[in-house]
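# Structural characterization, general
Below, each chain spelled out in residue letters.
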Amino acid sequence: QVQLVESGGGLVQAGGSLRLSCAASGRTFASYNMAWFRQAPGKEREFVAAIVWSSSTAYADSVKGRFTISRDNARNMVYLQMNSLKPEDTAVYYCAADEKARLLRLPSGYAYWGQGTQVTVSS
């Protein structure tokens, strides 16, 4: 019964920044593992970042040092701050959640997904 809604995507030039937001429903948000994935046309869905209930984080090597995931449990929100954007970051970005899975870097580890938000980075 968890619903996730992403926002904040858009068109930016290379080197620019965007902040994505994910609003979650549910009373047990603080216990969820949360993640961002992305999918470009013709490619597999790719892990970007995760933040677990303890607020420990994990990042894909391709975004480490540029992206930051955070959460605000009081507001049922998860964020992805994206800096130094590159054209290869262009994709639909999805918010994902699961209350039990330990497979934090795999799409199969998450039961709930948002609809996605488009991020386009021009060269």
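## A look at the packing of aromatic side chains
If you walk through the whole model with that rule in mind, you get five aromatic pairs. Ring geometry for phenylalanine 37 against tyrosine 110: centres 5.5 Å apart, planes inclined by 75°, an arrangement best described as edge-to-face. Of this pair, phenylalanine 37 sits in strand E4 (residues 33-39) while tyrosine 110 sits in the loop between strand E9 (91-98) and strand E10 (112-113), and the two are 73 residues apart along the sequence. Per residue, the accessibility class of phenylalanine 37 equals that of tyrosine 110, and both read buried.

## Some details on the sheet that holds strand E3 (residues 18-24)
In spatial order, the strands read E1-E3-E8-E7; together these four strands make up an open sheet with antiparallel pairing. A strand with exactly one partner marks an edge of an open sheet, and here the two such strands are strand E1 (4-7) and strand E7 (67-72). This sheet shows a mean twist of 15° between the axes of neighbouring strands, independent of strand direction.

## Considerations on unusual backbone geometry
Within the chain, serine 55 stands out as a residue other than glycine whose phi angle is a positive 75°. In this structure, serine 55 sits in the loop between strand E5 (46-51) and strand E6 (57-59). One non-glycine residue, asparagine 76, lies in the positive phi region at around 55°. Under the relative-accessibility criterion, asparagine 76 is labelled buried at 17%.

## What to know about the side chain of serine 21
Among the secondary structure elements, serine 21 is positioned in strand E3. Setting aside its immediate chain neighbours within four residues, serine 21 contacts Val5, Glu6, Ser7, Trp36, Met77, Val78 and Tyr79.

## Re the environment of asparagine 76
Within the secondary structure, asparagine 76 is located in the loop between E7 and strand E8 (77-82). Sequence spacing of asparagine 76 and alanine 40 is 36 residues, and the spatial spacing of their C-alpha atoms is 27 Å. Ignoring anything within four residues of it in the chain, the contact list for asparagine 76 reads Cys22, Ala23, Ala24, Ser25, Gly26 and Phe29.

## As for the state of the cysteines
Evaluated as defined, the whole model comprises one disulfide. The side chain of cysteine 22 participates in a disulfide bridge whose partner is cysteine 95; the two sulfur atoms lie 2.1 Å from each other. For the disulfide bridge between cysteine 22 and cysteine 95, the dihedral angle about the S-S bond is near -80°, and by the sign convention the bridge is left-handed. Placement of cysteine 22 in strand E3 and of cysteine 95 in strand E9 is noted, with a sequence separation of 73 residues between them. Take cysteine 22 and cysteine 95: they sit in the same class, and that class is buried.

About the cut-offs
- Residues numbered from 1 in each chain as written.
- Predicted model: local features only at pLDDT ≥ 70, side-chain atom pairs only at ≥ 80, totals over all residues.
- Heavy atoms only, no water.
- Phe/Tyr/Trp six-rings, centres within 6.5 Å; stacked < 30°, edge-to-face > 60°.
- Helix = DSSP H or I, 4+ residues; strand = E, 2+ residues; numbered from the N terminus.
- Buried < 20%, exposed > 50% of the residue type's maximum accessible area, 1.4 Å probe, protein only.
- Pairing = 2+ DSSP bridges.
- Axes fitted to C-alpha atoms, helices over the stretch in contact; angles between N-to-C directions.
- Contact = heavy atoms within 4.5 Å.
- Disulfide = S-S within 2.5 Å.

Without other data, these values stay purely geometric and don't point to any function.
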